[in-house]
Amino acid sequence: FRKALSNNCTEGSLLKYSPRQQKCPSQAPRGLQLFTSEGTFVATVGRNVTFLVFLEEGLGSMTSITVDFGDGTAISYVNISSIDDGVKHIYNKVGIYQVSATAINHLGFDRVLLYLHVSCQLEQVQLSAPLVVIKNKAVNFTTTLRPSSVGTVTYFWWFDNKTEPVVTLNGAISFPFSKEGSHTVTVQALAGNTVHQDQMRVVVYDYFRSHPLVFSSNLDELNPGVTEWREDIGRVVKTCIVKVTGISEDQLLVTVLAGLPTTAEVFIVPERRSRDRAMDEKWAHLDQVLCQQIIFGAAIHQ
């Protein structure tokens, strides 16, 4: 207020219009809110995550705030105004964390939760399955991730040229092929904003024989664990078997399996011209070829 120039009053109104301090009425905390500064529910291992806390009702200066990060650590503040810039935290392990904020004063409390998906960068997905399978028999397809633990992963599977994928949260799936021949299987792994893909071909027959092949442990020292190396070794093994046993290249498939120790599987499939034979004759023919292959394998081992 300002005294008008023509006003001759000297006293009497100063006390009436002077400011007075009055304590605000206390309220129990209500409408507590918890967000990340990015507005998302995902984070990366080893990087700062900023949590923002807001309170709609309740005297901030009289209300204490506790933020529990869900990984065994928590932090408390005497009033909400002290965390206007947010609360920073770093997660060191992949996982889904329940993060909570609790506001308490002498009249009550309020609590809010969010679930944070902490992941690391996906570098590679590798698809594994038998190279040769039997028609109408379910085949198990599995995936291997690098690194092995990256958080929540969604898998998309395509069989042959189907436009709509099969979506799973598990890196394994079973699928039967109803037609003979070569089939393409594609998998994509989605982790955070990263997508990686792998693809393989599976050959389907009515019948076949297979035999495992074990290599000398010296080969393990040269195994870099990459697909290209395994394919090269498979071609070398196939060439050797064809040369020594006389088995037709069309009847022989070799796949070197991932991992250590280095192992392979040799598949003997029927000749194209034998498709119309009786089933007993087909099995007898494959048993004869397989016997030759086993003898060859024993010779290699010695």
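Please read all numbers here as calculations on a predicted model, not as lab measurements.

Trainee: Could you give an account of the overall build of the chain, with specific residues and numbers?
Mentor: Per the secondary structure count, the chain includes three helices and 19 strands. Put simply, 58% of the contacts in the chain that link residues at least 6 apart link residues at least 24 apart. Working note: accessible area of the chain is about 19,000 Å², and carbon and sulfur atoms make up 52% of it.

Trainee: Would you mind going over the pairing of strand β3 (residues 48-57) in detail, with residue names and values included?
Mentor: The pairing of strand β1 (residues 30-36) with β3 spans six bridges and is antiparallel. Paired with Leu 32 across the bridge in β3 is Leu 55. Strand direction decides the pairing type here: β3 and strand β6 (residues 87-90), joined by four bridges, are antiparallel. Looking at the pairing, Thr 50 lines up with Lys 88 of β6.

Trainee: Go over unusual backbone geometry, please, and point to the residues and values.
Mentor: Residue Arg 146 is joined to Pro 147 through a cis peptide bond whose omega torsion reads -5°. Mapped onto the secondary structure, Pro 147 falls in the loop between β11 (139-146) and β12 (154-159). Look at the link from Leu 260 to Pro 261: it is a cis peptide, with omega at -5°.

Trainee: Give me the pattern of salt bridges: which residues, what numbers.
Mentor: Under the criterion given, the structure shown has three salt bridges. The closest approach of N and O atoms between Asp 206 and Lys 135, which form a salt bridge, is 3.3 Å. In this pair, Asp 206 is assigned in the loop between β16 (194-205) and β17 (209-214) and Lys 135 in the loop between β10 (132-134) and β11, connecting sequence segments 71 residues apart. Taking relative accessible area as the criterion, Asp 206 reaches 36% and is therefore assigned partly exposed. Note on Lys 135: relative accessible area 28%, which makes it partly exposed. Between Asp 232 and Arg 235 there is a salt bridge, and its shortest N-O distance comes to 2.2 Å.

Trainee: Please provide a residue-by-residue account of the sheet that holds strand β4 (residues 64-68), values included.
Mentor: On the basis of which strands lie adjacent, the open sheet formed by five strands has the order β2-β8-β7-β4-β5 and mixed pairing. Looking at which strands have only one partner, the edges of the open sheet turn out to be β2 (42-44) and β5 (74-77). Going across the sheet, the axis of each strand differs from the next one's by a mean of 25°, ignoring polarity. Relative to strand β8 (residues 108-119), β2 is paired through three bridges, and the arrangement is parallel. Each residue of the ladder has a partner; that of Ala 43, found in β8, is Val 118.

About the criteria used
- Residues numbered from 1 in each chain as written.
- Predicted model: local features only at pLDDT ≥ 70, side-chain atom pairs only at ≥ 80, totals over all residues.
- Heavy atoms only, no water.
- Helix = DSSP H or I, 4+ residues; strand = E, 2+ residues; numbered from the N terminus.
- Contact = heavy atoms within 4.5 Å.
- Areas by Shrake-Rupley, 256 points an atom, 1.4 Å probe, with all protein chains shown as cover.
- Pairing = 2+ DSSP bridges.
- Salt bridge = Lys/Arg side-chain N within 4 Å of Asp/Glu carboxyl O.
- Buried < 20%, exposed > 50% of the residue type's maximum accessible area, 1.4 Å probe, protein only.
- Axes fitted to C-alpha atoms, helices over the stretch in contact; angles between N-to-C directions.

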